[in-house]
Amino acid sequence: MSIKIGRNDPCWCGSGKKYKVCHEAFDAKIKKYAFMGHQVPSHKMIKNPEQIQKIRESAKINVAVLDYVAEHICVGMSTEEIDRMVYEKTTEMGGIPAPLNYEGYPKSVCTSINEEVCHGIPSPDILLKEGDIVNVDCSTILDGYFSDSSRMFLMGTVDEEKKRLVRVTKECVELGLEQVKPWSFLGDMAYAVNKHATENGYQVVREIGGHGCGLEFHEDPWVGYIGKPKTQMLLVPGMIFTIEPMINMGTWRIQTDAQNGWTVRTADGKPSAQWEIQVLVTEDGHEVISW
Ligand code: MF3
Ligand code: CO
C-alpha cells in the first residue's frame, strides 16, 4: 500500500484504467481496515479482470479433468491409471498438470485413500478397493495461469461412518464458502468450517491449509480452518484462493511418509476426507472458479 501513484496514472492492478476510477477508493477502504489493526491483502493478491478470465479458462480444464475422472474411476483401477487419465485429458485440452515436477513431485495428480490426508502418489501397485474413500486433487496450468480443486470419490459400497465423513467435509466447504464475500475475513470462513467439523465429532488438520492460487500454484494468503469471526485476513474483490479443509475422523495429528517425503497420513490411522474449491471474491459475494 505504499506505492506513490497519481490519480491519473494507470492503476496498479494492470486493468489499464486510471487509478482514480479503478482502485483508489478501494485502497482507501483497505487502509482504514489496516489502521483498525486488521490483516489486509497486498496488491499482489488482487487479480485484474483479464487475469481472472485466464484463471477461469485454466479452471475449465481442471473441472473437465475431474469430471472425466468421476466418469471413469472404479473399483480395481490403479491410482496410476487415474494419473494417466489426468495427464492425458489435461494435455489434450492444452494444459499442463501443475503437480508434475512441482518441487520434485513425480506425478500429475494426488490420489489420497482412506487414512491418507493428502499428497498420495499414484502407483501401478495401488488398486482402488470396494469401500475406499479417495481424494483426487487436480491442478492445471494454462498459459501460466493456475487452477486447483479436488473431490472425494466413494468406491462401491462404503460404510456409513466414512460416508458421513465425506458428506460432512463437503458441508464444511459449503458453509465456509457462504462466508466468502468482500469485507469479511478469512477467520469467518475458518470458524464456519471448524464449527461444523467439531460439531460432528471430527478434527480439522491444522498444519496444512489452502492458499492463494492463480498467477502461481501456491500464493499468499495461507488459508487455515481454525479461527474466530472477524479475525485473520480481510477479503476483498479480486482475491482468489482455495478452501480445502482436511477433516479427520480421529485426531488432527498427521505424519508425513518418511520414504517418499510426500504422503501425509493421519497419526491414528483413522480416515480423512478433503474437498477443495478455488474461489474468487467478487464485488457482491463470491464465484467458485474450480470445484
Ligand atoms: N493440489 C495440492 C493443493 O491443493 C497441492 C499438491 S502439491 C503436489 O494445494 F506437488 F503434491 F502436487
Ligand atoms: Co490447493
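Coordinates for the structure precede this section.
In this numbering scheme, every chain counts its residues from 1 along its sequence in written order. Labels are handed out in written order, letters beginning with A for the chains and numbers beginning with 1 for the ligands. Note on the predicted model: pLDDT of at least 70 is required for a residue's local features to be given, and 80 or more for side-chain atom pairs to be given and counted; whole-chain, interface and lining totals, by contrast, use all residues. The basis for every side-chain value is the complete set of heavy atoms in the structure, and neither hydrogens nor water enter the calculation.

On to the sheet that holds strand β12 (residues 264-266), then. Strand pairing requires that DSSP identify at least two bridges connecting the strands. Each helix corresponds to a stretch of at least 4 residues labelled H or I by DSSP, and each strand to a stretch of at least 2 residues labelled E; elements are numbered beginning at the N terminus. Taking strand neighbours across the sheet as the criterion, the three strands line up as β3-β12-β11 in an open arrangement whose pairing is antiparallel. In this open sheet, the two edge strands, each paired with only one partner strand, are β3 (116-118) and β11 (254-256). On average, each strand axis in the sheet is tilted by 40 degrees relative to the strand beside it, whichever way the strands run. Sheet topology note: the β11/β12 ladder contains three bridges and is antiparallel. Note that in β12 the partner of Ile254 across the bridge is Thr266. Between the N-to-C directions of two axes lies an angle of 0 to 180 degrees, each axis being a line fitted to C-alpha atoms and, for a helix, fitted only over the stretch in contact.

Let us now look at the site of ligand 1. Only heavy atoms are used to decide nearness, and a residue is near a molecule or strand if one of them lies within 4 Å of it. Surveying the vicinity of ligand 1 reveals 14 residues, the closest of which are Pro99, Asp137, His218, Glu244 and Glu276. Identification of polar contacts relies on pairs of N or O atoms within 3.5 Å, with a donor-acceptor requirement for protein atoms, meaning one able to donate a hydrogen and the other able to accept it, and with residues adjacent in sequence counted only if both atoms are side-chain atoms. Within the contact set of ligand 1, an oxygen atom lies 3.1 Å away from a side-chain nitrogen or oxygen of Asp148. One nitrogen or oxygen atom from the side chain of Glu244 is found 2.8 Å from an oxygen atom belonging to ligand 1. Here a cavity is any set of points on a 1 Å grid over the protein atoms alone where a 1.4 Å probe fits but cannot get out, and a pocket is any open set with protein on both sides within 12 Å along at least 5 of 7 lines; a residue lines the site when it has an atom within 4 Å of a point. By definition, a pocket or cavity contains a molecule when more than half of the molecule's atoms lie within 2 Å of the pocket's grid points. Among the detected pockets, ligand 1 sits in the largest pocket.

Here we take up the side chain of Asp83. As for its placement among the helices and strands, Asp83 is situated in helix α3 (residues 79-92). Per-residue accessibility, obtained with a 1.4 Å probe over protein chains only, is compared with the maximum for each type, and a residue is labelled buried under 20%, exposed over 50%, and partly exposed between these values. Neither His nor the chain ends contribute to the count of charged residues, in which Lys and Arg are positive and Asp and Glu negative. One speaks of a salt bridge when a side-chain nitrogen belonging to Lys or Arg is within 4 Å of a carboxyl oxygen belonging to Asp or Glu. Although Asp83 is buried, it forms no salt bridge, and the closest oppositely charged side chain is Lys107 at an N-O distance of 4.4 Å.

Of the two faces of strand β2 (residues 110-113), the one holding Cys110 and Ser112 and the one holding Thr111 and Ile113 are both buried throughout. Looking at chain direction, β2 and strand β4 (residues 133-142) are connected through four bridges and run antiparallel. Directly across from Ser112, in β4, lies its bridge partner Asn135.

This part covers the coordination of the cobalt ion (ligand 2). Keep in mind that water is not among the atoms, so a site may look incomplete; donors are the N, O and S atoms within 2.8 Å of the metal, or 3.2 Å for Na, K and Ca. Of the protein atoms, only Asp148 (OD), His211 (NE2), Glu244 (OE) and Glu276 (OE) coordinate the cobalt ion (ligand 2), at distances of 2.1 to 2.2 Å. What the six donor atoms of the cobalt ion (ligand 2) show is an angle range of 52 to 160 degrees at the metal, which sorts the shape as irregular. Sequence spacing of the donors to the cobalt ion (ligand 2): D-x62-H-x32-E-x31-E. Residue His211 is found in strand β7 (residues 210-212), and its partner Glu276 is found in the loop between β13 (272-274) and β14 (277-281); the two are separated by 65 residues along the sequence. Grouping residues by exposure puts His211 and Glu276 together as buried. Angular criteria define each label, namely tetrahedral for four donors with all angles between 85 and 135 degrees, square planar for four and octahedral for six donors with opposite donors over 155 degrees apart and remaining angles between 65 and 115, and irregular for whatever fails these tests.

Once that is clear, we can look at the nonpolar core. Among the nonpolar cores identified, the biggest contains 38 residues, and Val180, Met189, Met239, Phe241, Ile243 and Ile247 are the most heavily contacted of them. Of all the secondary-structure elements, those providing two or more residues to this core are α1 (24-35), α4 (160-178), α5 (186-199), β9 (240-243) and β14. Ranked by residue count, the leading element in this core is α4, at six residues. When checking whether two residues touch, look at their non-hydrogen atoms; a contact exists if any pair is within 4.5 Å. Not counting residues up to four positions away in its chain, the partners in contact with Ile247 are Leu165, Thr169, Cys172, Val193, Ala197, Tyr202, Gln203, Val204, Pro271, Ser272 and Ala273. Grouped together as the second largest cluster of nonpolar side chains are 18 residues, Leu66, Met77, Val86 and Leu128 included. In plain words, nonpolar cores are sets of buried Ala, Val, Leu, Ile, Met, Phe, Trp, Tyr and Cys residues tied together by side-chain atoms within 4.5 Å.

By the definition in use, this model includes 13 salt bridges. Residues Glu80 and Lys107 are paired through a salt bridge, measuring 2.9 Å at the closest nitrogen-oxygen approach. Within this pair, whereas Glu80 is found in helix α3, its partner Lys107 is found in the loop between β1 (96-97) and β2, the two being separated by 27 residues in sequence. An identical accessibility class is assigned to Glu80 and Lys107; each is buried. Residues joined by salt bridges that share partners form a network here, namely Glu116, Asp257 and Arg265.

Summarising burial for β14: five of the five residues are buried, a large majority. Alternating positions in β14 separate into two faces, Ile277, Val279 and Val281 on one and Gln278 and Leu280 on the other, with burial throughout. Judged from the four bridges that link them, β9 and β14 form a sheet pairing that is antiparallel. Across the sheet, residue Thr242 finds its bridge partner in β14, namely Gln278. Bridging between β14 and strand β15 (residues 286-290) involves four bridges; their strand directions are antiparallel.

Moving on, we get to the environment of Gly187. Mapped onto the fold, Gly187 is located in helix α5. Judged by relative accessible area, which is 0%, Gly187 ranks as buried. With residues near it in sequence (within four places) discarded, Gly187 still touches Gly227, Lys228, Pro229, Thr231 and Gln232.

Before going further, it helps to examine the side chain of Asp132. With respect to the helices and strands, the residue Asp132 is situated in the loop between β3 and β4. Residue classification places Asp132 among the buried positions, given a relative accessible area of 3%. There is a polar contact of 2.8 Å between the side chain of Asp132 and the side chain of Asn114. Apart from the residues within four sequence positions on either side, Asp132 is in contact with Ile113, Asn114, Leu127, Phe153, Leu154, Met155, Val158 and Lys162.

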